[in-house]
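Listed here are the chains, written in short residue letters.
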Amino acid sequence: DTAVSQTPKYLVTQMGNDKSIKCEQNLGHDTMYWYKQDSKKFLKIMFSYNNKELIINETVPNRFSPKSPDKAHLNLHINSLELGDSAVYFCASSQPLAVYQETQYFGPGTRLLVL
Amino acid sequence: DQQVKQNSPSLSVQEGRISILNCDYTNSMFDYFLWYKKYPAEGPTFLISISSIKDKNEDGRFTVFLNKSAKHLSLHIVPSQPGDSAVYFCAALVSGTYKYIFGTGTRLKVLA
């Protein structure tokens, strides 16, 4: 019973292709996130959705488009893949119960390699 | 513009001794701090947190200390165990904004 799951785990593709990464959480959380961990191991937030609404949109190329069909899912679609998109992408979810009680639960990551 | 910094990329400690991992931040608006542990090929998992109204939080072998004036926090693991070997990330948050800012991580190796 994985709390936050991502598919696929590995993705190898050619430059210029379009690909999607799916994320699902079964924790009943309202908020979901996408992070990118690059070669320098920097874990940087890309997007956040709360109750299917976009609440955080960092400076990310518009080739990246998140889609939240419902509270339990947040998918990431990437158009025209570039070499620099190679990274590990983590999905996460959280449910702030009260102030100072927030934490995030992460998926296992999707390792994307663009050739 | 790295608002959360972990200046030690790696740390080796003997089993049974104390591990001290450090984290510095620059944004004085941060009021909630978290430590995550990450094993290879897995996502980060939550370890312990502290709010800015406290200066210490303890959970078993793990204690986090916060020095607001120095904008510094540290994670102490006592006693260290081989299973603690992982990458540790600190993260900071302005509560209610959902925007977690992570450091670059410190790789801890606990030697048996």
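Anyway, here's the lowdown on the structure attached to this text. (Residues numbered from 1 in each chain as written. Chains lettered and ligands numbered in written order. Predicted model: local features only at pLDDT ≥ 70, side-chain atom pairs only at ≥ 80, totals over all residues. Heavy atoms only, no water.)

**Digging into the overall build of chain A**
Thinking step 1. Scanning chain A for helices and strands turns up 0 helices and 11 strands.
Thinking step 2. In terms of overall dimensions, chain A is globule-like: its C-alpha atoms have a radius of gyration of 14 Å, near the 13 Å expected for 115 residues.
Thinking step 3. Taken along its principal axes, the extent of the C-alpha atoms in chain A is 45 × 30 × 30 Å.
Thinking step 4. A total of about 5,700 Å² of accessible surface is found on chain A, and carbon and sulfur atoms cover 50% of it.
Thinking step 5. Charge separation in chain A, taken as the distance between the mean sites of 12 positive and 11 negative side-chain charges, equals 7 Å. (Helix = DSSP H or I, 4+ residues; strand = E, 2+ residues; numbered from the N terminus. Rg over C-alpha atoms; globule rule 2.2 N^0.38 Å. Areas by Shrake-Rupley, 256 points an atom, 1.4 Å probe, with all protein chains shown as cover. Lys, Arg positive; Asp, Glu negative; His and termini not counted. Charge placed at Lys NZ, Arg CZ, Asp CG, Glu CD.)

**Side note on the interface of chain B and chain A**
Thinking step 1. Counting from both sides, the interface comprises 24 residues of chain B and, opposite them, 27 residues of chain A.
Thinking step 2. Summing the contributions of chain B and of chain A, the shared interface buries around 2,100 Å²; its carbon and sulfur component is 59%.
Thinking step 3. For chain B, the biggest contributors to the area lost against chain A are B:Y98, B:Y100 and B:F102; these three give 32% of the whole.
Thinking step 4. Linking chain B to chain A there are 1 salt bridge.
Thinking step 5. Put simply, A:E58 and B:K99 hold a salt bridge, and the shortest N to O gap is 3.2 Å. (Contact = heavy atoms within 4.5 Å. Buried area = accessible area lost by both parts, 1.4 Å probe. Salt bridge = Lys/Arg side-chain N within 4 Å of Asp/Glu carboxyl O.)

**Concerning the environment of A:L54**
Residue and element names in this part refer to chain A.
Thinking step 1. Topologically, L54 is positioned in strand 6 (residues 53-57).
Thinking step 2. For L54 and K41, which are 13 residues apart along the polypeptide, the C-alpha to C-alpha distance reads 25 Å.
Thinking step 3. Other than its neighbours up to four places away in sequence, L54 contacts F47, S48 and Y49.

**Remarks on unusual backbone geometry**
All names here are of chain A.
Thinking step 1. Backbone torsion omega between T7 and P8 reads -5°, so that peptide bond is classified as cis.
Thinking step 2. Summarising the element assignment, P8 is placed in the loop between strand 1 (4-7) and strand 2 (10-13).
Thinking step 3. For S80, which is not glycine, the phi dihedral falls at a positive 45°.
Thinking step 4. Among the structural elements, S80 can be located in the loop between strand 8 (73-78) and strand 9 (87-94).

**Topic: the state of the cysteines**
Residues and elements named next belong to chain B.
Thinking step 1. For the structure on display, the rule yields 2 disulfides over all chains.
Thinking step 2. Covalently, C23 is tied to C90 through a disulfide, its sulfur atoms 1.8 Å apart. Its S-S torsion of approximately 55° makes the covalent link between C23 and C90 right-handed. Residue C23 is located in strand 3 (residues 19-25), and its partner C90 is located in strand 9 (residues 86-93); the two are separated by 67 residues in the primary sequence.
Thinking step 3. Overall, the relative accessible area of 1% leaves C23 in the buried class. (Disulfide = S-S within 2.5 Å. Buried < 20%, exposed > 50% of the residue type's maximum accessible area, 1.4 Å probe, protein only.)

**Here we look at a nonpolar patch on the surface**
Thinking step 1. A cluster of nonpolar residues, A:V12, A:L113 and A:L115, forms a patch on the protein surface that exposes about 270 Å² of accessible area.
Thinking step 2. Checked against the element boundaries, A:V12 lands in strand 2. (Patch = residues over 30% accessible without salt bridge, like charges linked within 9 Å, V, L, I, M, F, W, Y side chains within 5 Å.)

**Focus: the sheet that holds strand 1 of chain A**
Strand-to-strand pairing in sheets goes through backbone hydrogen bonds, with the strands running parallel or antiparallel.
Residues and elements named next belong to chain A.
Thinking step 1. Strand order in the open sheet made by the 4 strands is 1-3-8-7, with antiparallel pairing throughout. If you trace the sheet from one side to the other, it starts and ends with strand 1 and strand 7 (64-70), each paired once. The mean inter-strand angle of the sheet, taken between neighbouring strand axes irrespective of direction, is 20°.
Thinking step 2. Sheet topology note: the strand 7/strand 8 ladder contains 5 bridges and is antiparallel. Of the residues in strand 8, the one forming a bridge with K67 is N75. (Pairing = 2+ DSSP bridges. Axes fitted to C-alpha atoms, helices over the stretch in contact; angles between N-to-C directions.)

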